[in-house]
Amino acid sequence: MAPNSVRYEGEAHPRTLYDKIWADHLVHEADGVSLIYIDRHLVHEVTSPQAFEGLRMSSREVRRTDCTLATVDHNIPTSSRKNFKDTKSFIAEADSRTQVVTLEQNVQEFGLTYFGMEDKRQGIVHVIGPEQGFTLPGTTVVCGDSHTSTHGAFGALAFGIGTSEVEHVLATQTLLMKKAKNMRIKVSGKLAEGVTSKDVILHIIGIIGTAGGTGCVVEFCGDVFENMSMEARMSVCNMTIEAGARAGMVAPDETTFNYLKGRPLCPKGKDWDKAVEYWKSLRTDKGAKFDKDIHIDAADIAPTVTWGTSPEDVVPITGIVPDPSQATDETKRTGMLRALQYMGLEPGTKMQDITIQKVFIGSCTNSRIEDMRSVASVVKGKKVSSGVEAMIVPGSGLVKKQAEAEGLDKIFTEAGFDWREPGCSMCLGMNPDRLKPQERCAATSNRNFEGRQGPQGRTHLMSPAMAAAAAIAGKLKDVRELLPEMQATNGKMAEPTKSMDFYSEPIDWTAPKEVQEPPSEGVAAPTSAGMPQFTSLDDVVACPLKKANVDTDCIIPKQFLKTIQRTGLGKAAFFELRYEDDGVTERQDFVLNQEPYRSASVLIAGDNFGCGSSREHAPWALNDQGIRCIIAPSFADIFFNNCFKNGMLPIAITKDIVEELWTHAEAKKKLTVDLTKQEIRREGCEAILFEVDPFRRHCLLNGLDDIGLTLQKAEHIDSFEARRSSTFPWLDGPRYSRMKAEVRISTAKSSSFYTRVAKGFLGGLPASDDRPERPPAAQLILSATGNAIERAVRVAQDLKEEGDAEIIRIRTQTVAGSNQGGQVPQVLITVKAKSKPHAVPVMVASKGGAKEGSNGKQGTDW
Ligand SMILES: CC(C)[C@H](C(=O)O)[C@@H](O)C(=O)O
Ligand code: SF4
């Protein structure tokens, strides 16, 4: 198999980097829905408990333990671990402790590699993946976390998923997806001194808005990104999700390869050379088409800070707090007024006059070694302003170790910073690090949503250097004014250490578990059940929620994410909007507290509903509250997907119609949402037609869950994995033995020939020039169509009789015929190796079946 990203002669269409990675991971495609293979799966404690529980309930295993890496980050305290014995005794808060302990149990039960609190490689999930070389160019990377986009800095297709999708990936190593649009953001020129990657991404979000990238995968290109370090690229890609995009990526180049070389999970030796050769092909072709194109001049970017409660609320540090009366749009104006009230700011105030009480340096955006160095160069020899509490939280145990080796910790503590242990910390305050009500914070994190860092807390986002400058000044400050002092300081700082000294420790990678198959019962098609059906909601009053950019932190705040259940979250829905500060008394001005909206099953909201975090707790909470359908002009991608997985219907429809429906709902008139006919009906009005993806509609109408459907494609996944093992062997975990291989049987050769081929695989394949030695396959799939079926059965029986394998499953189905068209019967027989590997004559399996090796040295060509 040649990688799809390598152009074939005569190929017509130039392709983008995203197109290429997509093509290289396509397992199967039908009715516009693609089954995409996932190379790397990162897991943390918040979004995984319900997924593991789902596996347990359906007796499923983790398909690729060698491609899954788990850690804890969100809930853990960042206080000293000097007296750490175990998480049970260390984590005081009961729900946080339960989530961490549950992950510890799950990784043990399912055999996953895990960096726990006692392991110095533990850290924020998006810091440890790249650090270990787990994230590689050209891979697909997922995690139940929206900031998975970070990994796109390596030229990987990396995106956040909800918990149902986490379960899907654990069980199948794939995802059912629709291809996104291509968007290019080019920043040309040279950044001015004092302007960093964080300023670049904040500036971009200010221009395109938090919904600017919705439905798109963004490729960042131009000199600015080419000249950035890997860590700077990570900060940019990290916040692509704040621009609404599914993923952001930068094409891999020498900077990428230099960063990766030698990391524990990177390919080595010949595999490294092969990998680099492939990675170099991962560039957008000349003339490739982008659906959206943005061009920005680097000279326009200043150190940038946020003033409001959305990452798009940005101004240059030299600017002023904007005036809502200048807003053209009514929803926008109301949003700005609310943001200013929440932030305690007056229009026209100079940003540099805003005083702060807290500084938070950390999060998956800015907690890497370069961020630490940048802060040190600002604060060395200075003191944190009196009245300001400043904390600095490294992204991982290895970042901490390296910073300490460079003496940065001393610089921080001497300046009055609190130097903490790694974790998400005050980025969202699921652990004890939180803002007090009305406290104002200069933060290097990525979200300034209401209540994000603590109820009623006020967050201003900025770069590490800017946050450091604010800590010293006690108010927001233009770091460029400190440049001469910083330059002098830099000369006196210790030489940066070679990071490789710290990152090259071997990983004791968890050995894969034996593949467990259901007992052989003839045709054993997995069932697809378990999702509630949705057909129609008849004669209901809908609830008008006249608000744009409703983020998932607002739909369900962090304190409710600590559950390990999917249900019981109804009370948490819109918690801050719904209750007074006591958390009990209902706010009368909130629409869901008013009759007849209290029990509404349809919600009509503003633009970009569900933006921000990937938490599936958001649709779970809405569902429990009774909301089954949400109508809005646009939705954030992850939230939109998560709804369907829970039997809920999100309808994207034009702004005009939404406004019409708001008026209708405010008049307390009823409507019907009919999925069968795809229409919204109101008495005396013309029906409003709406679009739904046909696959999603089918699943909703029939209550089908994705995992069951995907498992019906198991043989496609098996053969994809076999191809991946031979084309990209470096993607298999170090101890991964090829669990399954496929022998396609045709009428071209005798059954005894195929029996010998099968034995070859069960015994392992010797090395050849283009293939390293392959370990024996634990299982073989003998596949055949039409007339060759009889031959496949013969081969299976021979293997059984000769004591080489036992038959564990026989599955029959119909597939599209290759030549004549139409449907033909197909049989898939799974056999399991019985004896130890033994030497056999070498065979070559080829696309159309198998042929005998002439000199015993040929490799496989699937
Ligand atoms: C907990 C997790 C689902 C969430 C995310 O998806 O982003 C968190 O990391 C956040 O930053 O809000
Ligand atoms: S955004 Fe914050 S909470 Fe979310 S993964 Fe990053 S550091 Fe953790």
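Data block above holds the structure.
Remember, predicted model here, so these are calculated numbers, not experimental data.

**Describing the site of ligand 2**
Lining the immediate environment of ligand 2, one finds H74, H126, D145, H147, S363, C364, C424, C427, L428, N446 and R452. With respect to the pocket detection grid, ligand 2 is positioned in the largest cavity. The residue makeup of the shell around ligand 2, split by class, is four nonpolar, five polar and two charged.

**Focus on the site of ligand 1**
Taken together, 13 residues surround ligand 1, and among them H74, D145, S146, R452 and S614 come closest. A distance of 3.1 Å separates an oxygen atom of ligand 1 from a polar atom in the side chain of R447. Contact between ligand 1 and R452: an oxygen atom at 2.7 Å from a side-chain N or O atom of the residue. When each cavity is represented as a set of grid points, ligand 1 is found to reside in the largest cavity. Here the residues of the shell around ligand 1 are counted per class, giving two nonpolar, seven polar and four charged.

**Description of unusual backbone geometry**
That bond from E595 to P596 is cis: its omega, 5 degrees, falls within 30 degrees of zero. Among the structural elements, P596 can be located in the loop between α20 (575–578) and β22 (602–605). Phi at N608 is positive, roughly 60 degrees, even though this residue is not glycine. Along the chain, N608 turns up in the loop between β22 and α21 (617–625). Even without glycine at this site, K668 takes up a positive phi of about 60 degrees. When you line up the elements, K668 lands in the loop between α23 (655–666) and β25 (670–674).

**With respect to the pattern of salt bridges**
In the structure shown here, the tally under the stated rule is 51 salt bridges. Of the charged contacts, one joins E406 and R373 as a salt bridge, the two residues approaching to 2.8 Å between their closest N and O atoms. Remark: R373 occurs in helix α13 (residues 369–379) and E406 occurs in the loop between α14 (397–405) and α15 (408–415); sequence separation between them is 33 residues. With a shortest N-O distance of 3.6 Å, R587 and D581 are connected by a salt bridge. In this structure R587 comes out as partly exposed when scored by relative accessible area, which is 21%. In this structure, a network of salt bridges that share partners links the residues D39, R63, R64, D66, D718, E721, R724 and D732.

**Here's the deal with the side chain of N106**
Following the sequence through the fold, N106 ends up in helix α4 (residues 94–110). Among residues more than four places away in sequence, those in contact with N106 are P49, F52 and R56.

**Here we look at the side chain of D313**
Along the polypeptide, D313 turns up in the loop between β13 (304–306) and β14 (314–316). Among buried Asp, Glu, Lys and Arg side chains, D313 stands out as unpaired, with K332 the closest opposite charge at 4.7 Å. When neighbours within four sequence positions are excluded, D313 is seen to be in contact with V305, T306, W307 and G308.

**Here we look at the sheet that holds strand β9 (residues 181–188)**
Read across the sheet, four strands follow the order β11-β10-β9-β12 without closing on themselves; strand pairing throughout is parallel. The two strands at the open ends of the sheet, each matched to only one other strand, are β11 (247–249) and β12 (292–297). If you compare each strand with its neighbour and ignore which way they point, the axes differ by 20 degrees on average. Where β9 lies against β12, six bridges are found, and the strand directions are parallel.

**Brief notes about the packing of helix α27 (residues 751–762) against helix α28 (residues 789–801)**
Remark: α27 packs on α28, axes separated minimally by 9 Å, with the N-to-C direction vectors making an angle of 55 degrees. Our classification of the angle between α27 and α28 gives oblique. Once α27 is placed against α28, the crossing between them reads as right-handed. Where α27 abuts α28, its residues S751, Y754, T755, A758, K759 and L762 lie against R791, R794, V795, D798 and L799. For the contact of α27 with α28, the per-class residue count stands at five nonpolar, two polar and four charged.

**With respect to the environment of F115**
Checked against the element boundaries, F115 lands in strand β5 (residues 113–115). The spatial distance from the C-alpha of F115 to the C-alpha of P322 is 45 Å, given a sequence separation of 207 residues.

**Considering the sheet that holds strand β3 (residues 40–43)**
Spatial strand order, β5-β4-β3-β6-β7: five strands in an open sheet with parallel pairing. Each end of this open sheet is capped by a strand with a single partner; those strands are β5 and β7 (157–160). Averaged over neighbouring strand pairs, the angle between their axes works out to 20 degrees when direction is ignored. Pairing of strand β4 (residues 68–71) with β5, which is carried by three bridges, proceeds in the parallel orientation. Pairing of T71 across the sheet is with F115, part of β5.

Conventions and cut-offs
Residues numbered from 1 in each chain as written. Chains lettered and ligands numbered in written order. Predicted model: local features only at pLDDT ≥ 70, side-chain atom pairs only at ≥ 80, totals over all residues. Heavy atoms only, no water. Near = heavy atom within 4 Å. 1 Å grid on protein atoms, 1.4 Å probe; cavity = no way out; pocket = protein on both sides within 12 Å on 5 of 7 lines; lining within 4 Å. Sits in = over half its atoms within 2 Å of the grid points. Nonpolar A, V, L, I, M, F, W, Y, C, P; charged D, E, K, R; others polar. Polar contact = N/O pair within 3.5 Å; in protein donor to acceptor, adjacent residues only side chain to side chain. Helix = DSSP H or I, 4+ residues; strand = E, 2+ residues; numbered from the N terminus. Salt bridge = Lys/Arg side-chain N within 4 Å of Asp/Glu carboxyl O. Buried < 20%, exposed > 50% of the residue type's maximum accessible area, 1.4 Å probe, protein only. Contact = heavy atoms within 4.5 Å. Lys, Arg positive; Asp, Glu negative; His and termini not counted. Pairing = 2+ DSSP bridges. Axes fitted to C-alpha atoms, helices over the stretch in contact; angles between N-to-C directions. Parallel < 35°, antiparallel > 145°, perpendicular 65-115°, else oblique. Left-handed = near helix turned anticlockwise from the far one by under 90°.

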